[in-house]
Amino acid sequence: MLYKAPRGTTDILPEEQSYWTYVQDKAASLCCLYGYQPIDTPVFEDQKLFARSSSHGTDLAEKEMYVFEDRGGQLLALKAEGTAPVCRAYLEHGLFNLAQPVRLYYLSAIFRYERPQAGRYRQHHQFGFEAIGDADPSLDAEVIELAQHFLLSLGLSGFSLQLNSIGCRQCRPAYIRALLSHYAGHAQKLCPDCQTRREKNPLRLLDCKNATCQEIADSAPAIRKYLCAECQEHFQKVQQYLEILGIPFQLNNKLVRGLDYYTRTVFEFQPEEEGAQKTIGGGGRYDDLIEALGGKPTPAVGFAAGIERIILNLKTQNISLPSPPAATVFLIHIGGKAKLETVKLAATLRQAGIATISAVGDRSLKSQLRQAHNRGFPTVIIVGEEEIDAQQAILRDMSTGTQQNIPFGEIVSAVTTSCG
RNA sequence: GUGGGUGUAGCCCAGAGGUUAAGGCGCCAGGUUGUGGCCCUGGAGAUCGAGGGUUCGAGUCCCUUCACUCACCCCA
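Residues numbered from 1 in each chain as written. Chains lettered and ligands numbered in written order. Predicted model: local features only at pLDDT ≥ 70, side-chain atom pairs only at ≥ 80, totals over all residues. Heavy atoms only, no water.

Caption draft 1: Representation of the overall build of chain A in the model. Looking only at helices and strands, chain A features 15 helices and 16 strands. A compact globule built from 420 residues should have a C-alpha radius of gyration of about 22 Å, whereas chain A, at 28 Å, is more than 25% larger. A total of 420 residues make up chain A; the buried ones form 48% of that total. Of the contacts formed within chain A by residues at least 6 apart in sequence, a portion of 68% connects residues at least 24 apart. The averaged location of the 46 negative side-chain charges in chain A is 5 Å from the averaged location of its 43 positive side-chain charges. (Helix = DSSP H or I, 4+ residues; strand = E, 2+ residues; numbered from the N terminus. Rg over C-alpha atoms; globule rule 2.2 N^0.38 Å. Buried < 20%, exposed > 50% of the residue type's maximum accessible area, 1.4 Å probe, protein only. Contact = heavy atoms within 4.5 Å. Lys, Arg positive; Asp, Glu negative; His and termini not counted. Charge placed at Lys NZ, Arg CZ, Asp CG, Glu CD.)

Structure below.
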(Lines give C-alpha, C1' and ligand atoms only; values in the text may rest on other atoms or scores of the structure.)
Protein backbone atom coordinates (compact mmCIF):
# COMPACT_ATOMS: atom_id res chain seq x y z
CA MET A 1 0.00 0.00 0.00
CA LEU A 2 1.44 3.31 -1.06
CA TYR A 3 -0.55 5.72 1.06
CA LYS A 4 -2.40 5.70 4.33
CA ALA A 5 -4.48 8.37 5.98
CA PRO A 6 -2.12 10.54 8.07
CA ARG A 7 -1.65 9.54 11.67
CA GLY A 8 -4.55 10.48 13.88
CA THR A 9 -6.96 11.02 10.98
CA THR A 10 -9.71 8.71 9.83
CA ASP A 11 -11.88 8.12 6.81
CA ILE A 12 -15.56 8.16 7.61
CA LEU A 13 -16.87 5.33 5.48
CA PRO A 14 -20.48 5.08 4.26
CA GLU A 15 -21.39 2.63 7.00
CA GLU A 16 -20.30 5.18 9.61
CA GLN A 17 -22.04 8.14 8.02
CA SER A 18 -25.42 7.42 9.58
CA TYR A 19 -23.93 8.24 13.00
CA TRP A 20 -22.60 11.51 11.70
CA THR A 21 -25.78 12.67 10.03
CA TYR A 22 -27.72 11.61 13.12
CA VAL A 23 -25.57 13.76 15.39
CA GLN A 24 -25.30 16.67 12.96
CA ASP A 25 -29.03 16.77 12.27
CA LYS A 26 -29.85 16.75 15.98
CA ALA A 27 -27.36 19.53 16.57
CA ALA A 28 -28.77 21.70 13.81
CA SER A 29 -32.42 21.22 14.70
CA LEU A 30 -31.87 21.87 18.41
CA CYS A 31 -29.85 24.99 17.70
CA CYS A 32 -32.70 26.22 15.56
CA LEU A 33 -35.07 25.50 18.45
CA TYR A 34 -32.95 27.62 20.80
CA GLY A 35 -32.40 30.39 18.28
CA TYR A 36 -28.73 29.70 17.54
CA GLN A 37 -27.66 30.40 13.98
CA PRO A 38 -25.02 28.54 12.00
CA ILE A 39 -21.62 30.06 11.31
CA ASP A 40 -18.62 28.61 9.47
CA THR A 41 -15.11 29.90 9.81
CA PRO A 42 -12.01 29.02 7.73
CA VAL A 43 -10.03 25.84 8.39
CA PHE A 44 -6.97 27.97 8.96
CA GLU A 45 -6.44 31.28 10.69
CA ASP A 46 -3.64 33.61 11.65
CA GLN A 47 -1.58 31.56 14.07
CA LYS A 48 -1.64 34.38 16.61
CA LEU A 49 -5.43 34.12 16.95
CA PHE A 50 -5.04 30.77 18.71
CA ALA A 51 -1.75 31.55 20.39
CA ARG A 52 -3.17 34.67 21.96
CA SER A 53 -6.59 33.36 22.89
CA SER A 54 -5.59 30.12 24.55
CA SER A 55 -2.76 32.02 26.18
CA HIS A 56 0.27 30.95 28.14
CA GLY A 57 0.86 27.58 29.72
CA THR A 58 -1.47 25.50 27.59
CA ASP A 59 -0.12 22.73 25.41
CA LEU A 60 -2.62 23.72 22.77
CA ALA A 61 -0.91 27.05 22.30
CA GLU A 62 2.61 25.81 22.78
CA LYS A 63 3.03 22.50 21.02
CA GLU A 64 -0.19 21.12 19.60
CA MET A 65 -0.92 23.52 16.80
CA TYR A 66 -0.51 22.72 13.15
CA VAL A 67 1.40 25.82 12.13
CA PHE A 68 2.64 26.54 8.63
CA GLU A 69 3.90 29.41 6.60
CA ASP A 70 2.11 30.13 3.35
CA ARG A 71 3.82 31.30 0.17
CA GLY A 72 3.43 34.89 1.21
CA GLY A 73 5.23 34.30 4.48
CA GLN A 74 2.09 34.48 6.63
CA LEU A 75 2.17 32.30 9.71
CA LEU A 76 -1.07 30.33 9.75
CA ALA A 77 -2.51 27.58 11.91
CA LEU A 78 -5.15 24.95 11.23
CA LYS A 79 -8.20 25.56 13.40
CA ALA A 80 -7.08 24.39 16.82
CA GLU A 81 -10.22 25.36 18.65
CA GLY A 82 -13.67 26.63 17.75
CA THR A 83 -14.38 29.59 19.97
CA ALA A 84 -11.63 32.03 18.99
CA PRO A 85 -12.48 32.01 15.26
CA VAL A 86 -16.15 32.66 16.04
CA CYS A 87 -15.15 35.60 18.24
CA ARG A 88 -12.86 36.87 15.51
CA ALA A 89 -15.74 36.73 13.03
CA TYR A 90 -17.98 38.47 15.58
CA LEU A 91 -15.52 41.35 15.71
CA GLU A 92 -14.59 41.37 12.05
CA HIS A 93 -18.18 41.59 10.82
CA GLY A 94 -19.45 43.92 13.50
CA LEU A 95 -21.89 41.41 14.93
CA PHE A 96 -21.77 43.51 18.11
CA ASN A 97 -24.10 45.88 16.24
CA LEU A 98 -26.85 43.27 16.29
CA ALA A 99 -29.18 42.80 19.20
CA GLN A 100 -27.14 41.10 21.93
CA PRO A 101 -26.53 38.36 22.76
CA VAL A 102 -25.64 36.89 19.39
CA ARG A 103 -26.27 33.14 19.38
CA LEU A 104 -24.12 31.11 17.00
CA TYR A 105 -23.28 27.45 16.43
CA TYR A 106 -20.80 25.52 14.32
CA LEU A 107 -19.85 22.04 13.22
CA SER A 108 -16.20 22.05 12.38
CA ALA A 109 -13.02 20.03 11.99
CA ILE A 110 -10.41 20.77 14.65
CA PHE A 111 -6.70 20.00 14.32
CA ARG A 112 -4.28 19.28 17.12
CA TYR A 113 -0.91 17.61 16.94
CA GLU A 114 -1.25 15.10 19.76
CA ARG A 115 -0.47 11.46 20.23
CA PRO A 116 -3.60 9.66 19.00
CA GLN A 117 -5.53 7.33 21.28
CA ALA A 118 -9.11 6.18 21.68
CA GLY A 119 -11.30 9.26 21.52
CA ARG A 120 -8.38 11.48 20.58
CA TYR A 121 -7.41 12.36 17.05
CA ARG A 122 -5.27 14.85 15.21
CA GLN A 123 -8.26 15.83 13.18
CA HIS A 124 -11.49 15.66 15.08
CA HIS A 125 -14.84 17.38 14.82
CA GLN A 126 -16.66 19.58 17.21
CA PHE A 127 -20.17 20.80 17.56
CA GLY A 128 -20.11 24.03 19.49
CA PHE A 129 -22.26 27.05 20.20
CA GLU A 130 -21.65 30.46 21.67
CA ALA A 131 -23.84 33.20 23.15
CA ILE A 132 -21.88 36.40 22.85
CA GLY A 133 -22.60 39.82 24.28
CA ASP A 134 -24.35 39.44 27.60
CA ALA A 135 -23.26 38.51 31.11
CA ASP A 136 -26.68 37.33 32.29
CA PRO A 137 -26.28 34.10 34.29
CA SER A 138 -29.46 32.83 32.67
CA LEU A 139 -27.41 32.64 29.50
CA ASP A 140 -24.94 30.28 31.21
CA ALA A 141 -27.91 28.15 32.17
CA GLU A 142 -29.34 28.31 28.66
CA VAL A 143 -26.07 27.08 27.17
CA ILE A 144 -25.95 24.21 29.66
CA GLU A 145 -29.61 23.45 29.01
CA LEU A 146 -29.03 23.26 25.27
CA ALA A 147 -25.94 21.10 25.76
CA GLN A 148 -27.80 18.68 27.96
CA HIS A 149 -30.86 18.70 25.73
CA PHE A 150 -28.58 17.79 22.84
CA LEU A 151 -27.03 14.81 24.64
CA LEU A 152 -30.40 13.56 25.88
CA SER A 153 -32.06 13.94 22.50
CA LEU A 154 -29.37 11.69 21.03
CA GLY A 155 -30.50 9.02 23.46
CA LEU A 156 -27.40 9.21 25.64
CA SER A 157 -27.78 8.66 29.34
CA GLY A 158 -25.70 8.16 32.44
CA PHE A 159 -23.51 11.21 32.05
CA SER A 160 -22.97 13.73 34.78
CA LEU A 161 -22.76 17.50 34.63
CA GLN A 162 -19.78 18.84 36.55
CA LEU A 163 -20.02 22.50 37.46
CA ASN A 164 -17.65 25.04 38.93
CA SER A 165 -16.79 28.70 38.90
CA ILE A 166 -13.19 29.77 38.47
CA GLY A 167 -13.77 33.43 39.15
CA CYS A 168 -12.61 36.42 37.21
CA ARG A 169 -9.39 38.38 36.87
CA GLN A 170 -10.30 40.34 40.01
CA CYS A 171 -10.67 37.42 42.36
CA ARG A 172 -8.65 34.62 40.79
CA PRO A 173 -5.15 35.93 41.56
CA ALA A 174 -5.87 35.79 45.29
CA TYR A 175 -6.98 32.22 44.92
CA ILE A 176 -3.90 31.26 42.91
CA ARG A 177 -1.77 32.70 45.71
CA ALA A 178 -3.66 30.67 48.30
CA LEU A 179 -3.38 27.57 46.15
CA LEU A 180 0.35 27.98 45.65
CA SER A 181 1.00 28.56 49.33
CA HIS A 182 -0.95 25.37 50.07
CA TYR A 183 1.23 23.49 47.62
CA ALA A 184 4.42 25.08 48.87
CA GLY A 185 4.25 22.84 51.92
CA HIS A 186 4.02 19.69 49.75
CA ALA A 187 6.45 20.62 47.00
CA GLN A 188 8.75 17.60 47.28
CA LYS A 189 5.86 15.10 47.24
CA LEU A 190 4.48 16.30 43.91
CA CYS A 191 4.82 14.38 40.66
CA PRO A 192 7.10 15.93 38.00
CA ASP A 193 4.09 17.10 35.99
CA CYS A 194 2.72 18.96 38.97
CA GLN A 195 6.11 20.55 39.55
CA THR A 196 5.81 22.24 36.16
CA ARG A 197 2.11 22.98 36.70
CA ARG A 198 3.07 25.05 39.73
CA GLU A 199 5.01 27.27 37.39
CA LYS A 200 2.90 27.26 34.28
CA ASN A 201 -0.75 26.60 35.06
CA PRO A 202 -1.47 26.34 38.80
CA LEU A 203 -5.21 25.63 38.41
CA ARG A 204 -4.26 22.42 36.66
CA LEU A 205 -2.72 21.14 39.88
CA LEU A 206 -6.25 20.36 41.03
CA ASP A 207 -7.03 17.65 38.51
CA CYS A 208 -3.82 15.64 38.53
CA LYS A 209 -4.54 11.90 38.53
CA ASN A 210 -1.54 10.93 40.61
CA ALA A 211 -2.72 9.52 43.95
CA THR A 212 -0.50 11.57 46.28
CA CYS A 213 -1.13 14.71 44.25
CA GLN A 214 -4.85 13.98 44.58
CA GLU A 215 -4.58 14.00 48.35
CA ILE A 216 -2.88 17.34 48.26
CA ALA A 217 -5.49 18.64 45.84
CA ASP A 218 -8.30 17.37 48.07
CA SER A 219 -7.04 19.40 50.99
CA ALA A 220 -6.41 22.48 48.85
CA PRO A 221 -8.55 25.56 49.40
CA ALA A 222 -11.70 25.65 47.26
CA ILE A 223 -11.87 28.41 44.70
CA ARG A 224 -15.51 29.12 45.47
CA LYS A 225 -14.50 30.48 48.87
CA TYR A 226 -12.34 33.06 47.10
CA LEU A 227 -14.84 34.36 44.56
CA CYS A 228 -15.54 38.06 44.64
CA ALA A 229 -19.06 39.20 45.44
CA GLU A 230 -20.03 39.59 41.79
CA CYS A 231 -18.72 36.13 40.79
CA GLN A 232 -20.33 34.67 43.87
CA GLU A 233 -23.69 36.10 42.96
CA HIS A 234 -23.35 35.12 39.33
CA PHE A 235 -22.59 31.53 40.25
CA GLN A 236 -25.47 31.40 42.71
CA LYS A 237 -27.85 32.53 40.00
CA VAL A 238 -26.54 30.03 37.49
CA GLN A 239 -27.26 27.27 39.99
CA GLN A 240 -30.65 28.71 40.73
CA TYR A 241 -31.58 28.69 37.04
CA LEU A 242 -30.34 25.15 36.64
CA GLU A 243 -32.49 24.08 39.55
CA ILE A 244 -35.52 25.76 38.02
CA LEU A 245 -34.76 23.95 34.77
CA GLY A 246 -34.53 20.67 36.65
CA ILE A 247 -31.00 20.04 35.41
CA PRO A 248 -29.00 18.04 37.96
CA PHE A 249 -25.36 19.00 38.42
CA GLN A 250 -22.44 18.18 40.68
CA LEU A 251 -20.42 21.00 42.12
CA ASN A 252 -16.81 20.13 41.49
CA ASN A 253 -14.27 22.53 42.89
CA LYS A 254 -11.48 20.69 41.13
CA LEU A 255 -12.97 21.24 37.68
CA VAL A 256 -10.78 23.61 35.70
CA ARG A 257 -10.92 23.79 31.94
CA GLY A 258 -7.99 23.31 29.63
CA LEU A 259 -8.18 26.57 27.81
CA ASP A 260 -6.99 29.62 29.59
CA TYR A 261 -9.68 32.05 28.51
CA TYR A 262 -12.41 30.76 30.79
CA THR A 263 -13.86 32.92 33.54
CA ARG A 264 -16.58 32.25 36.09
CA THR A 265 -18.79 29.34 35.03
CA VAL A 266 -17.09 26.20 33.75
CA PHE A 267 -18.79 22.85 33.14
CA GLU A 268 -18.22 19.44 31.63
CA PHE A 269 -20.32 16.45 30.68
CA GLN A 270 -18.76 13.12 31.53
CA PRO A 271 -20.04 9.59 30.99
CA GLU A 272 -19.90 7.17 33.89
CA GLU A 273 -17.57 4.68 32.19
CA GLU A 274 -13.91 4.92 33.02
CA GLY A 275 -11.42 5.83 30.36
CA ALA A 276 -9.01 8.64 29.95
CA GLN A 277 -10.59 10.53 27.09
CA LYS A 278 -13.99 10.61 28.62
CA THR A 279 -15.22 14.19 28.58
CA ILE A 280 -17.76 14.35 25.80
CA GLY A 281 -18.21 18.07 25.95
CA GLY A 282 -17.67 21.10 28.03
CA GLY A 283 -17.68 24.83 28.09
CA GLY A 284 -17.98 27.90 30.15
CA ARG A 285 -17.92 31.63 30.24
CA TYR A 286 -15.12 33.61 28.64
CA ASP A 287 -15.76 37.22 29.50
CA ASP A 288 -12.26 38.46 28.67
CA LEU A 289 -11.58 36.73 25.38
CA ILE A 290 -13.11 39.21 22.97
CA GLU A 291 -11.30 42.05 24.64
CA ALA A 292 -8.08 40.07 24.32
CA LEU A 293 -8.77 39.79 20.59
CA GLY A 294 -9.00 43.56 20.28
CA GLY A 295 -12.70 44.17 20.86
CA LYS A 296 -14.52 46.02 23.57
CA PRO A 297 -15.03 44.09 26.80
CA THR A 298 -17.74 41.59 25.78
CA PRO A 299 -19.01 38.81 28.01
CA ALA A 300 -19.76 35.46 26.36
CA VAL A 301 -20.47 31.85 27.17
CA GLY A 302 -20.25 28.70 25.08
CA PHE A 303 -20.01 24.95 24.79
CA ALA A 304 -18.29 22.42 22.51
CA ALA A 305 -18.59 18.66 22.18
CA GLY A 306 -16.42 16.17 20.33
CA ILE A 307 -18.47 14.39 17.71
CA GLU A 308 -16.18 11.35 17.65
CA ARG A 309 -16.57 10.95 21.41
CA ILE A 310 -20.31 11.31 21.16
CA ILE A 311 -20.42 8.60 18.51
CA LEU A 312 -18.17 6.44 20.70
CA ASN A 313 -20.75 6.77 23.47
CA LEU A 314 -23.65 6.13 21.12
CA LYS A 315 -21.96 2.85 20.26
CA THR A 316 -21.11 1.76 23.79
CA GLN A 317 -24.65 2.59 24.87
CA ASN A 318 -25.99 0.59 21.93
CA ILE A 319 -28.23 3.37 20.73
CA SER A 320 -30.01 2.43 17.55
CA LEU A 321 -30.27 5.04 14.85
CA PRO A 322 -33.20 5.74 12.60
CA SER A 323 -32.30 3.75 9.49
CA PRO A 324 -31.94 6.00 6.46
CA PRO A 325 -34.09 5.16 3.46
CA ALA A 326 -32.07 3.06 1.02
CA ALA A 327 -32.54 2.98 -2.71
CA THR A 328 -35.87 1.27 -3.19
CA VAL A 329 -35.81 -0.23 -6.68
CA PHE A 330 -33.24 -2.55 -8.26
CA LEU A 331 -33.50 -3.04 -12.02
CA ILE A 332 -32.57 -6.39 -13.49
CA HIS A 333 -32.11 -7.12 -17.18
CA ILE A 334 -31.87 -10.40 -19.03
CA GLY A 335 -29.90 -9.84 -22.20
CA GLY A 336 -28.51 -6.78 -23.95
CA LYS A 337 -31.77 -5.69 -25.54
CA ALA A 338 -33.47 -5.65 -22.15
CA LYS A 339 -30.63 -3.60 -20.73
CA LEU A 340 -31.47 -0.76 -23.12
CA GLU A 341 -34.93 -0.82 -21.64
CA THR A 342 -33.85 -0.94 -17.98
CA VAL A 343 -31.46 1.96 -18.42
CA LYS A 344 -34.36 3.98 -19.80
CA LEU A 345 -36.71 2.76 -17.06
CA ALA A 346 -34.22 3.71 -14.34
CA ALA A 347 -34.13 7.26 -15.65
CA THR A 348 -37.92 7.42 -15.70
CA LEU A 349 -38.16 6.19 -12.10
CA ARG A 350 -35.57 8.69 -10.89
CA GLN A 351 -37.36 11.51 -12.69
CA ALA A 352 -40.38 10.49 -10.63
CA GLY A 353 -38.30 10.70 -7.46
CA ILE A 354 -37.94 6.98 -6.89
CA ALA A 355 -34.47 5.93 -5.77
CA THR A 356 -33.26 3.39 -8.28
CA ILE A 357 -30.15 1.37 -9.07
CA SER A 358 -29.59 -0.58 -12.27
CA ALA A 359 -27.69 -3.83 -12.44
CA VAL A 360 -24.50 -3.45 -14.46
CA GLY A 361 -22.51 -5.93 -16.50
CA ASP A 362 -23.99 -9.13 -17.88
CA ARG A 363 -24.48 -11.24 -14.79
CA SER A 364 -26.95 -14.07 -14.70
CA LEU A 365 -30.46 -13.45 -13.49
CA LYS A 366 -29.64 -15.47 -10.41
CA SER A 367 -26.63 -13.34 -9.67
CA GLN A 368 -28.54 -10.10 -10.15
CA LEU A 369 -31.25 -11.25 -7.79
CA ARG A 370 -28.66 -12.27 -5.24
CA GLN A 371 -27.22 -8.78 -5.44
CA ALA A 372 -30.61 -7.18 -4.97
CA HIS A 373 -31.13 -9.38 -1.93
CA ASN A 374 -27.73 -8.77 -0.40
CA ARG A 375 -28.09 -5.04 -0.79
CA GLY A 376 -31.50 -5.10 0.82
CA PHE A 377 -33.70 -3.83 -1.99
CA PRO A 378 -37.37 -4.26 -1.14
CA THR A 379 -38.44 -4.05 -4.77
CA VAL A 380 -36.98 -5.45 -7.97
CA ILE A 381 -38.00 -4.89 -11.57
CA ILE A 382 -37.06 -7.56 -14.09
CA VAL A 383 -37.03 -7.08 -17.85
CA GLY A 384 -36.18 -9.81 -20.37
CA GLU A 385 -36.90 -10.56 -24.02
CA GLU A 386 -40.41 -11.77 -23.26
CA GLU A 387 -41.22 -8.61 -21.34
CA ILE A 388 -40.02 -6.40 -24.17
CA ASP A 389 -42.25 -8.28 -26.60
CA ALA A 390 -45.20 -7.68 -24.27
CA GLN A 391 -44.07 -4.12 -23.42
CA GLN A 392 -44.25 -4.84 -19.70
CA ALA A 393 -41.94 -5.51 -16.77
CA ILE A 394 -42.02 -7.87 -13.81
CA LEU A 395 -42.42 -6.11 -10.48
CA ARG A 396 -41.14 -8.37 -7.72
CA ASP A 397 -41.63 -7.86 -4.01
CA MET A 398 -38.48 -9.27 -2.42
CA SER A 399 -39.90 -9.95 1.01
CA THR A 400 -42.83 -12.01 -0.20
CA GLY A 401 -41.51 -13.14 -3.57
CA THR A 402 -44.76 -12.21 -5.27
CA GLN A 403 -44.60 -10.83 -8.81
CA GLN A 404 -46.89 -9.00 -11.16
CA ASN A 405 -46.61 -7.83 -14.74
CA ILE A 406 -46.81 -4.09 -15.24
CA PRO A 407 -46.99 -2.31 -18.60
CA PHE A 408 -43.95 -0.06 -19.08
CA GLY A 409 -46.12 3.05 -19.00
CA GLU A 410 -47.52 2.23 -15.56
CA ILE A 411 -44.31 1.32 -13.76
CA VAL A 412 -44.00 4.57 -11.84
CA SER A 413 -47.48 4.43 -10.38
CA ALA A 414 -47.17 0.70 -9.66
CA VAL A 415 -43.90 1.24 -7.76
CA THR A 416 -45.32 4.21 -5.91
CA THR A 417 -48.31 2.23 -4.64
CA SER A 418 -46.34 -0.91 -3.83
CA CYS A 419 -43.72 1.02 -1.88
CA GLY A 420 -46.27 3.14 -0.11
C1' G B 1 6.77 14.02 24.41
C1' U B 2 6.87 9.14 28.08
C1' G B 3 5.69 3.94 29.16
C1' G B 4 2.93 -1.02 28.14
C1' G B 5 0.31 -4.19 24.44
C1' U B 6 -0.62 -5.50 19.25
C1' G B 7 0.31 -5.72 13.64
C1' U B 8 -0.96 -12.57 9.04
C1' A B 9 -6.76 -11.53 2.86
C1' G B 10 -12.09 -6.30 3.05
C1' C B 11 -13.32 -8.27 8.48
C1' C B 12 -12.35 -12.10 12.64
C1' C B 13 -8.17 -14.97 13.22
C1' A B 14 -4.72 -20.31 13.27
C1' G B 15 0.30 -20.70 12.71
C1' A B 16 5.93 -21.93 19.19
C1' G B 17 12.84 -22.11 12.80
C1' G B 18 11.58 -26.55 7.92
C1' U B 19 7.06 -28.41 1.42
C1' U B 20 2.46 -24.73 -1.91
C1' A B 21 0.62 -19.83 5.10
C1' A B 22 -4.88 -22.96 7.58
C1' G B 23 -9.99 -21.80 8.90
C1' G B 24 -14.54 -18.69 9.52
C1' C B 25 -17.38 -14.23 7.79
C1' G B 26 -17.92 -11.47 3.42
C1' C B 27 -17.34 -11.41 -2.06
C1' C B 28 -17.72 -14.14 -6.95
C1' A B 29 -19.43 -18.48 -9.68
C1' G B 30 -21.91 -23.13 -10.27
C1' G B 31 -25.72 -27.03 -8.33
C1' U B 32 -29.58 -28.09 -16.51
C1' U B 33 -34.74 -24.03 -19.49
C1' G B 34 -35.62 -16.84 -16.91
C1' U B 35 -35.82 -16.05 -10.16
C1' G B 36 -32.69 -14.14 -4.19
C1' G B 37 -32.52 -16.06 1.09
C1' C B 38 -31.16 -22.20 3.47
C1' C B 39 -27.85 -26.12 1.96
C1' C B 40 -23.76 -28.26 -1.11
C1' U B 41 -19.42 -27.53 -4.39
C1' G B 42 -15.76 -24.54 -6.44
C1' G B 43 -13.05 -19.76 -7.11
C1' A B 44 -10.70 -15.11 -6.42
C1' G B 45 -8.30 -12.50 -2.66
C1' A B 46 -1.92 -12.25 1.67
C1' U B 47 4.90 -9.32 -1.54
C1' C B 48 2.62 -12.28 6.83
C1' G B 49 2.82 -3.48 8.53
C1' A B 50 7.80 -1.67 6.35
C1' G B 51 13.30 -1.96 6.28
C1' G B 52 17.63 -4.35 7.85
C1' G B 53 20.07 -8.58 10.34
C1' U B 54 20.96 -13.88 12.33
C1' U B 55 20.36 -18.79 9.79
C1' C B 56 21.32 -23.82 4.89
C1' G B 57 16.23 -22.05 5.78
C1' A B 58 12.36 -16.55 9.08
C1' G B 59 5.24 -15.17 9.38
C1' U B 60 8.08 -17.44 13.60
C1' C B 61 14.50 -15.10 16.52
C1' C B 62 17.17 -9.96 16.89
C1' C B 63 17.44 -4.60 15.66
C1' U B 64 15.22 -0.29 13.50
C1' U B 65 10.93 2.07 11.81
C1' C B 66 5.71 2.93 10.92
C1' A B 67 0.77 2.30 12.41
C1' C B 68 -3.02 0.89 15.79
C1' U B 69 -4.24 0.39 20.90
C1' C B 70 -4.12 1.33 26.47
C1' A B 71 -2.28 4.55 30.16
C1' C B 72 0.50 9.25 31.30
C1' C B 73 0.38 14.14 29.39
C1' C B 74 -3.37 17.07 27.19
C1' C B 75 -8.19 17.75 25.67
C1' A B 76 -13.39 17.27 22.73
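There is more to say after this.
Caption draft 2: Structural view of helix 12 (residues 336-351). The terminal C-alpha atoms of helix 12, which comprises 16 residues, lie 23 Å apart, in line with the 22 Å expected from a rise of 1.5 Å per residue. Within helix 12, burial applies to Ala338, Glu341, Thr342, Leu345, Ala346 and Leu349. In a view along the axis of helix 12, the buried residues occupy a sector of 145°, so they form one face of it. For helix 12, the exposed residues set more than 90 degrees away from the buried face come down to Gly336, Leu340, Lys344 and Gln351. With its phi angle positive at about 85°, Gly353 sits one or two positions after the end of helix 12. (Expected span 1.5 Å × (residues − 1). Arc of directions from axis to C-beta.)

Caption draft 3: Quick peek at the protein's contact with RNA strand B. Inspection of the region around RNA strand B gives 50 residues, with Arg112, Ala118, Arg197, Thr279 and Met398 positioned closest. In the interface set of RNA strand B, defined as its atoms within 4 Å of the protein, sugar plus phosphate atoms amount to 53%. The contact in question runs from a sugar or linking oxygen of RNA strand B to an N or O atom on the side chain of Arg112, over 2.5 Å. Between RNA strand B and Gly119, the relevant distance is 3.3 Å, taken from a base nitrogen to a main-chain nitrogen or oxygen of the residue. Listed by contribution, the elements that provide at least two residues to the surface near RNA strand B are strand 6 (123-132), helix 7 (192-200), strand 10 (281-285), strand 11 (300-306), helix 13 (365-374), helix 14 (385-390) and strand 15 (392-397). Of the residues forming the surface near RNA strand B, the biggest block, 8 residues, is contributed by helix 13. Residues of the surface near RNA strand B, tallied by class, amount to 12 nonpolar, 18 polar and 20 charged. (Near = heavy atom within 4 Å. Polar contact = N/O pair within 3.5 Å; in protein donor to acceptor, adjacent residues only side chain to side chain. Nonpolar A, V, L, I, M, F, W, Y, C, P; charged D, E, K, R; others polar.)

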